[in-house]
Amino acid sequence: MAGKKRALEGGASGRKAKKAKSSSGNSHEKPQGEHLFPEDSAMTAEEVDFPRGGGTSLTALEVKEIRAEAIKEADKGLLPKTKVKRKNSNSRLELKPEGSKRESLRIEHLNYKRITPGMKILGQVVSVHPLAIVVSLPNQLVAHIPITKITSQFSRLLESMDVQSDASGESASDAVADNVPDLSELFHPGQYVRAVVTNVHPPGTTDLAGLMRSRDEIVRASRRVELSLVPEEVNAGVRKSDLKDGYTMSAAVQSIEDHGYILDLGISGVSGFLSFKDAHKEGSDQGLRIGCLVDIAVLRLSSNGRTCNTTTDSKTLVATSVSEVSDVTSVLPGMLVQSLVTGVTSSGLNLQILGFFDATADKYHQSRVQKTLKVGQRIKARVLYNIPGTSPPRFSVSLSDHHLGLGIKSAAANSEGPSLVDAFPIGTILDSVKISHVEPEQGLLVEVQPSVDGFVHISQVSDEHTPILSGTSGPWKIANLHKARVIGHHMFDGILQLSLRPSVFMQKFLQVGDIQVGEVIKGTVKRLTDSAVFISLSERLDGVIWPNHYADVPLKYPARRFKVGASIKCRVLTVEPERNRVVLTAKRTLMDTAQPILTSYEDAKIGVVTHGVIFAVSETGMKVEFFNNVKATIPVREASETGAKLTDAFTPGKVAKVRIIAVYKDTRRIVASIRQATSAFTPTVTDVSSLSVGDTVQGAVVELQKANIILSLQPSEARAHLSFVTLANIRGTTVPELRTSLKPGVIIDSLVVTSVEEGFVIVGKPESPTKPETKLSMDAVAIGRIVRGRVTRHGRSGAQAKLTARITGSLHPTDACDDYEVGNPFPAVGSALQAVVIGIDKDANHLTLSTRPSKLSPDSAKPPVDRELSSFEDLKIGDTVRGFIKCVSEHGLFVMIGRGIDARVQIRELFDEYIKDWKSRFVANQLVRGRILSVDVDNKKVEMTFRSGDLARNHSKLVTFNDLQEGQKVMGRVKRIEQYGLFIVIDNSKVTGLCHKSQLSDNKDADVTIALRTFREGDRVKAIILSRDSEKKQLSLGLKPSYFAKDEDMEVKDDESLGGNGSSASEAEIDEESDLIHMSGQSTEENLGEATEDDGKDDQPDISIENAPEEPSISSQKRQPLKLEGFQWFSNDAMSEEDSGAGSTSEDETESRKKKRRKRKEIQQDLTAEMHTKVPESSADFERLLLGSPNSSYMWIQYMSFYLQMSEIDKARATGRRAVQTINFREEQERLNVWIALLNVENAYGSDATMESVFKDAARYNDSKIVHLRLAAILEDSQKYEKAEEQYKRTCKKFGQSSKVWTLFAEHYLRRGRLEEARKLLSRSLQSLEKRKHIKTISKFAQMEYKLGDAERGRTIFEGIVDSHPKRWDLWSVYMDMEAKQGDIQHLRSIFSRVLAIKMTSRKAKSFFKKWLNLEHKLGDDEGAAVVKQRAIEWTQQAAAAS
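With that out of the way, let us pick up the sheet that holds strand 24 (residues 533-536). Taken together, five strands build a closed barrel; the order of strands is 23-24-25-27-26 and the barrel is mixed. The mean angle between the axes of side-by-side strands here comes to 55°, regardless of whether they run parallel or antiparallel.

Attention shifts here to the sheet that holds strand 52 (residues 1034-1038). Taken in spatial order, the five strands of this closed barrel run 48-49-50-52-51, and their pairing is mixed. For this sheet, the mean angle separating the axes of adjacent strands, direction not counted, is 50°. In the sheet, strand 48 (residues 969-978) pairs with strand 49 (residues 981-986) via six bridges, with the strands oriented antiparallel. Each bridged residue has a counterpart across the sheet, and for arginine 973 the counterpart in strand 49 is valine 985.

Right, let's talk about helix 35 (residues 1334-1348) for a bit. For an α-helix the count is 3.6 residues per turn, leaving residues at separations of three or four pointing the same way. The terminal C-alpha atoms of helix 35, which comprises 15 residues, lie 21 Å apart, in line with the 21 Å expected from a rise of 1.5 Å per residue. Counting buried residues in helix 35 gives 11 out of 15 residues, a clear majority hidden from the surface. Of all the residues in helix 35, the buried ones are His1334, Ile1335, Thr1337, Ile1338, Ser1339, Phe1341, Ala1342, Gln1343, Met1344, Glu1345 and Tyr1346. Looking at the buried side of helix 35, the elements it contacts are helix 33 (1299-1311), helix 34 (1315-1328), helix 36 (1351-1364) and helix 37 (1369-1382).

The next subject is the nonpolar core. Core analysis: the biggest nonpolar cluster contains 73 residues, and Ile115, Phe187, Leu227, Tyr247, Met249, Leu263 and Leu265 have the highest contact counts within it. Examining the composition of this core, we find that six residues originate from one element, strand 16 (residues 378-387), more than from any other. Residues within four places of leucine 265 in sequence aside, it is in contact with Pro231, Asn235, Met249, Ser250, Ala251, Val270, Ser271, Gly272, Ile296 and Cys308. Counting residues in each nonpolar core, the second largest holds 48 residues, with Leu1269, Phe1295, Val1301 and Ala1306 among its members.

Turning our eyes to something else, we now look at unusual backbone geometry. In this structure, proline 392 follows serine 391 across a cis peptide bond, with omega equal to -5°. Unlike most non-glycine residues, glutamine 140 shows phi in positive territory, near 60°. Mapping glutamine 140 onto the fold places it in the loop between strand 4 (132-137) and strand 5 (141-146). You will see that asparagine 925, though not glycine, has its phi angle at about 70°, which is positive. You can see asparagine 925 is positioned in the loop between strand 45 (901-906) and strand 46 (927-936).

When you tally the buried positions in strand 22 (residues 495-499), you get four out of five residues, the bulk of the element. Examined bridge by bridge, strand 20 (residues 452-457) and strand 22 share four bridges and lie parallel to one another. Along strand 22, the bridge assignment pairs aspartate 453 with isoleucine 495. One ladder, built from five bridges, connects strand 21 (residues 481-490) with strand 22; its direction is antiparallel.

Let's shift gears to the confidence of the model for the protein chain. Atom-level detail of predicted coordinates should not be read off regions where pLDDT is low. Per-residue pLDDT for the protein chain averages 78, and the proportion of residues at 70 or more is 79%. Looking at the elements of the protein chain, mean pLDDT is at its lowest for helix 22 (residues 1065-1080), recorded as 34, and at its highest for strand 6 (residues 192-200), recorded as 93. Within the model, the stretch residues 1159-1172 combines pLDDT values under 50 with 19 contacts to residues more than four positions away or in other chains.

Glancing now at the packing of helix 29 (residues 1228-1245) against helix 31 (residues 1264-1277). Viewed as axis vectors pointing N to C, helix 29 and helix 31 meet at an angle of 35°, and their least axial separation amounts to 10 Å. Helix 29 and helix 31 meet at a crossing whose hand is right-handed. On the side of helix 29, the interface is formed by Leu1232, Ile1236, Leu1239, Asn1240 and Asn1243, while helix 31 contributes Ile1266, Val1267, Arg1270, Ile1274 and Leu1275. Tallied by class, the residues present in the contact of helix 29 with helix 31 amount to seven nonpolar, two polar and one charged.

Once that is clear, we can look at the packing of aromatic side chains. Enumeration over the complete set of coordinates arrives at 24 aromatic pairs. Pairing phenylalanine 1358 with tyrosine 1375 gives two aromatic rings, centres 5.1 Å apart and planes at 10°, and the pair type is stacked. With phenylalanine 1358 in helix 36 and tyrosine 1375 in helix 37, this pair connects stretches of sequence that are 17 residues apart. Summarising the burial analysis for this pair, phenylalanine 1358 and tyrosine 1375 share the class buried. Judged by centre distance (5.3 Å) and plane angle (0°), the rings of phenylalanine 1392 and tryptophan 1412 are stacked. Here the residue phenylalanine 1392 occupies a position in helix 38 (residues 1385-1396), and tryptophan 1412 occupies one in helix 39 (residues 1402-1419), the gap between them amounting to 20 residues.

Conventions adopted
Residues numbered from 1 in each chain as written. Predicted model: local features only at pLDDT ≥ 70, side-chain atom pairs only at ≥ 80, totals over all residues. Heavy atoms only, no water. Pairing = 2+ DSSP bridges. Helix = DSSP H or I, 4+ residues; strand = E, 2+ residues; numbered from the N terminus. Axes fitted to C-alpha atoms, helices over the stretch in contact; angles between N-to-C directions. Expected span 1.5 Å × (residues − 1). Buried < 20%, exposed > 50% of the residue type's maximum accessible area, 1.4 Å probe, protein only. Contact = heavy atoms within 4.5 Å. Core = buried A, V, L, I, M, F, W, Y, C linked by side-chain atoms within 4.5 Å. pLDDT = per-residue confidence, 0-100. Left-handed = near helix turned anticlockwise from the far one by under 90°. Nonpolar A, V, L, I, M, F, W, Y, C, P; charged D, E, K, R; others polar. Phe/Tyr/Trp six-rings, centres within 6.5 Å; stacked < 30°, edge-to-face > 60°.

Next comes the structure, spelled out in structure tokens:
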């Protein structure tokens, strides 16, 4: 039955209203759904549950009376004692007590389902990660903030850092990174932040930037909700009129000015100002960084309304409150507001904030001080978030003390006590907690102590499943006491996360920090993968064992030892609380070791013997790892007594017994020895701290090795190495004679310490009687001091020397000798060095050295042949200097002529004649001689030449920026063409100017875009300088014909005056152009010596055409009568009015003009002949090429790309449609290529409708299956994964009989990481495909498992295939190839043995044996290769015997 209309206030409703009044005694009634009307009640016909238009059944007078009464009561600050309310049983007005004035608001807890994008919320920082921040939210929720959602200014800094690092390399990126603060510098745990929800992800989301993979439950839970702190988003909707004194909000530092900071408030037309005084009021000297986020309180708004003064004073932020706002959008989370209690319920409070808006406060956010609140009481509250989906808007607020004070919840009644985390760490057992509130479907709120509450989730109340909790009876009755254990903390709510489960009390470890490194623990094998074994240590903690710690020896079959569910004993190797990870070892030697366990660098003592695991082996040494990531280095000399090759004697993963022989705690470096850890080794003194480089020592021969003599220095007894060659040179004898004469115990004196290494020293021949005065140290070293050291390596800036264990030095090649030819600028690595200090860098413990005799012995040295260049001022133009080649580049050489002074030699300055292969004549460190061309002291640039002759031969013609003036007319060439104009390089200079497109034509109505297309890069043009910017070094040029009208008149007069005098100036221009045309066809190799021009680089201009070989392409007889007055842009057939009117009417001049036109046509034909070898650059070029190749899809697609680059999308579409109609129908592949190009165009620029239209046409005119698959691939490549999946489903539905379709669909799933969906496709495909295609399809799926999925699963599938089809040799081969990529030679050997046991032809067996042998060479060893050869011989013998 149709609903009846509600009657109006008068008219026909009067009679029915009276009838209702007589029966009930009240003429007004407000219907309630829970009461039933009597059958004879007139209300059933008049009032409905949902009145049209949201109206009310009260009269206008009643509404007005109620509103006036409410305003009156609000002014008095009291609630009404009575209220008007309609009864359900009658229609009369009745007075009700104050508690029933309004229906109480339902107090709901926030959960992930109620969080929606756009919701503004207050949070508290839990942890700061490098790329994200984890935030605690109300009601035990967590969220994360990506690094890109901090502020807009911070995001721009990150983008600029990325761009500059790509453009300038690592050194520039490090410099830019210093300007970008880390998140840990901007935020700290416990800090409150105002945020807006930007995204809510489904449960289980893991692929989020910033958080990566983490084992921390809080971090994993925070992935669901993504927040933003950007002020433009958080402060969206705030009215300018509400920016009054006391209004708090967040802002971003936009810039730093002279007296303070400019803040970005995110409000249009208003910016904030924070003075340095207010910013540093609390004594912090550290300034704010651009892009950082700050909480501010508004002090005042300027009179013009554009700037408001702010403060960051913490006391002001905490205490200031807001009493009114003009709009609900100005209510921000974190604001302190005045509130009025309007209702008290068992689950919380109902309040009215700012005199108008409804709010609720649940049990978790009520004050611990004011436990009993009454209706009508006024209190202050902190806004937490706006409740979404409510109308009128409602808010959730907090009355908690730590929220009102914007602090961290304290365990004490006052805020001065320890925090909850410190007072109740995870694992703390609480003997008695009292239940204070019960949420039947969520959990228990308990009181731990008078100022601390805890929450027990329903899953943590018992080990058994508990569907619902009762607060009136049973064990969870309110006021009951229970024993609990702390399992976590809810920072924002300030409550403990507790558990009442008995199994939790039995657990030894609840967090990673409870586990001690080196502790032996028991666990259960949880999971075995190819990369690790995961061990369950407790219900909440897991450990991992890496493959190199499975056992003392490598395990071929780890599954035999680690069975899921089995108990295992391990030792803790490392504990990483920040990553929530425990690394274990199952090596028997480490678990049963009786040696001390090394867990820190502080525990490392010289002489301690312990066990370590080798994890890296090289030719120069090994690296071993102890517990807790403590590592040590084992030099090759300390590896063994035999001197065997390390890579043969040791393998990574092997346990080694080592002795600590040196410890450097400041650099956290340990040197160990395997040789000295043996029981037969007699310990020797290895303390070399008393020795320094340059000391004169003597020692006794202990041992004679192959190349060195081992000495025991006296009296320190330290070990020293002395080379046989060095001692032979000292004594003037040979090495064989020295070997026969030296015996252990012989004393060798007058030796000098040349290097101090870990545990031993190197001694050598004294090079000079000069000896350092004292032990070398950075505090005592001075310029001019003589030092000694040993060369360790060579770098780009010269030799690097080691002077002491902590001090290094560098020797530049130009500081090595006074005469570069007879000296040694590059001393050999390992050689001793005596030098004088000429530079000191105390911060880096580095000295700059010189071995010039004029520096070492200034009095006795000869004058230097090659003088020392210490600064750019020492160089003059024309100076002849020598230096060493630093590097050879594509454009020339860089020569080191002094310390920090490099000169550039361009290609054209290398030789007087042309040299084609010039690079082969120069190598790094080669000594060269040259002359200085130019010195730029300000920019620290030097130009050098190797050529002879006058230095000013070309430089006098070079035009600089200062030589150019406004109004000057210049010639140039087009360098680059942009949409806004032309970049023109002026002749004989490196100066580039811009001609804006508005300066191309005098016709204002002309299309300048078409004019731009008529230019080509390299075109010669004449321009006028319109303006110049001396500061920015920029020129503005013009090409309008009107600028050169007077010049053309002058040229015509000059031509007339020179009419009969042979070749004119115009003819000379033609000759030059002809030469250029001819030269363009020459080999580009002839121009390799020329430097290319670039306004951003320091390259020289092109070589003048006068220096080019003269090879005229047109004879002088033909050039004689030609008179061209200027360059023509367009065809000569259409002459300009100026040309037609300027000439004479005489016959001679007319004939001369005809000859000129013929000459121009001839030249233009020569130019167009070269167009076949050039890239088309205009639509006319493409049209000409398509006339010769109408069936070329490549050319058509290039034509489409040409239009797309000019944003002519419609023309690109039309070109594609024209192409498919033009290409011959027999050229199916060419037509298909164009259709695919059209699909790409629609995917990038079209809509879904246009894409569908083109797709249907393409499928109609081509192979439908190919088009379907190509479209899916296009969508996938453009990262439209959902559309690609839909396209694959549509393709599988239509072409279910195709194996390729199913395999490509599965590959799509696998690439997205959706393994289960991909594997389900296999069974679905087998139901649709013909039986003959099953093996092929299964094989393809197995191959994809190897490549993109689980290799073990692929192996299982292949095992099933070859088991059911043993003579499918192709499947065996594919199986072998897949296993070869895994690198498991043992499994490959097993496969080859199985397949060769099957009967087959000798030819097939030969191919398998050959494949096996190749794999043994690649993955196996020589022993395996020998086994293969032996097996091949045996197989041949057996086959011969069987035949």
